[in-house]
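Commentary on secondary and tertiary structure
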Amino acid sequence: MDRSAAVERVEEIVATVEDDRMPVPVREVWVFGDVALGLDPVERLDVYVTKDILFKDAPERAEEFQRSHGVDGVGKTVRAAWADEHPEYLRANASGHAAPEKCLAAHLLPDTDEPIHLEVCNASFDDNVTQRLKGAMAREDYEQILDPRGACLWVEGRRSTEAFEKLRNGEFVLPTLSGALEMLGMEEAEAGEAAEAVRAYRERQDGPSVRGDVV
């Protein structure tokens, strides 16, 4: 994507979060990787969304949506009112339960084949970076490391004008990926190996993608 188009796409995503009812409450929107680094073009647009876990919404309506849409858990894991408004975005996981991350992706990235990756988690970006890195180091499996070079654009209903201005102008000063991983505690050789694994994994991705985490 051209850099200007990528930034415009991020603005659209933030505006949608601001203006529309979401399937689950959204607390933060971040960008990370290429677009935060100021690259042009942006090989892949990485967006991170921090959501709340929905504990109580309208569980009494779950059976109704199971009958009408064949999706379980509406009113429990995603908002029933949202599903009333946007049934076309209702998505389920392999077991047939409403999947918040897939519902968010359908709503925020409708009808697109753009190279956009959406990360969805109940934890903040920084916390998830740390947790994913610990897991990757313990397993020596680096592909799923979350690139720590990110910028928060929207939090708790407030858009950061300054962060958006820096994003448009490519003014964020961020280290290399291996350097960032070293700052988080990796040894130099391991950080280099991990950075290469992340790059190789990203190069194999094509079109839109979504990942959901619970920390």
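Higher on the page you've got the structure.
A few points on the structure.

Rules and cut-offs
Residues numbered from 1 in each chain as written. Predicted model: local features only at pLDDT ≥ 70, side-chain atom pairs only at ≥ 80, totals over all residues. Heavy atoms only, no water. Helix = DSSP H or I, 4+ residues; strand = E, 2+ residues; numbered from the N terminus. Rg over C-alpha atoms; globule rule 2.2 N^0.38 Å. Buried < 20%, exposed > 50% of the residue type's maximum accessible area, 1.4 Å probe, protein only. Contact = heavy atoms within 4.5 Å. Areas by Shrake-Rupley, 256 points an atom, 1.4 Å probe, with all protein chains shown as cover. Lys, Arg positive; Asp, Glu negative; His and termini not counted. Charge placed at Lys NZ, Arg CZ, Asp CG, Glu CD. Polar contact = N/O pair within 3.5 Å; in protein donor to acceptor, adjacent residues only side chain to side chain. Patch = residues over 30% accessible without salt bridge, like charges linked within 9 Å, V, L, I, M, F, W, Y side chains within 5 Å. Salt bridge = Lys/Arg side-chain N within 4 Å of Asp/Glu carboxyl O. Pairing = 2+ DSSP bridges. Axes fitted to C-alpha atoms, helices over the stretch in contact; angles between N-to-C directions.

For the rest of this paragraph, the subject is the overall build of the protein. On a plain count of helices and strands, the protein comes out with nine helices and six strands. In terms of overall dimensions, the protein is globule-like: its C-alpha atoms have a radius of gyration of 18 Å, near the 17 Å expected for 215 residues. In terms of principal-axis extent, the alpha carbons of the protein reach across some 55 × 40 × 30 Å. Out of the 215 residues belonging to the protein, those deemed buried represent 47%. Long-range pairs, those at least 24 residues apart, make up 67% of the contacts in the protein between residues at least 6 apart in sequence. A total of about 10500 Å² of accessible surface is found on the protein, and carbon and sulfur atoms cover 45% of it. If you average the places of the 25 positive and of the 45 negative side-chain charges in the protein, the two averages end up 5 Å apart.

Glancing now at the environment of Q66. Inspection of the secondary structure assignment puts Q66 in helix 3 (residues 62–69). In this structure Q66 comes out as partly exposed when scored by relative accessible area, which is 36%. Ignoring sequence-local partners within four residues, the contact set of Q66 consists of V71 and D72. Here the side chain of Q66 touches D72 through a polar contact of 3.3 Å, landing on its backbone nitrogen.

The next subject is helix 5 (residues 100–108). For helix 5, a buried count of eight out of nine residues is recorded, marking the element as mostly surrounded by other parts of the structure. Those residues of helix 5 that fall on the buried side of the exposure criterion are P100, E101, C103, L104, A105, A106, H107 and L108. Against the buried residues of helix 5 lie helix 1 (3–19), strand 1 (26–32), strand 2 (45–51), helix 4 (80–85), strand 3 (116–121) and strand 6 (209–213).

This next bit is on a nonpolar patch on the surface. Together, I53, F55 and V214 give the surface a local cluster of nonpolar side chains, amounting to about 360 Å² of exposed area. Assessed through its relative accessible area of 66%, V214 is described here as exposed.

What follows covers the sheet that holds strand 1. Read from one edge to the other, the open sheet built from six strands follows the order 5-4-1-2-3-6, with strand pairing classed as mixed. Looking along the sheet, the strands with just one partner apiece sit at the ends: strand 5 (158–159) and strand 6. Here strand 1 runs beside strand 4 (residues 150–155); their pairing, made up of five bridges, is antiparallel. Paired with E28 across the strands is V155, a residue of strand 4. Contacting strand 1, strand 2, strand 3 and strand 6, helix 5 crosses the sheet at an angle of about 140° to strand 3.

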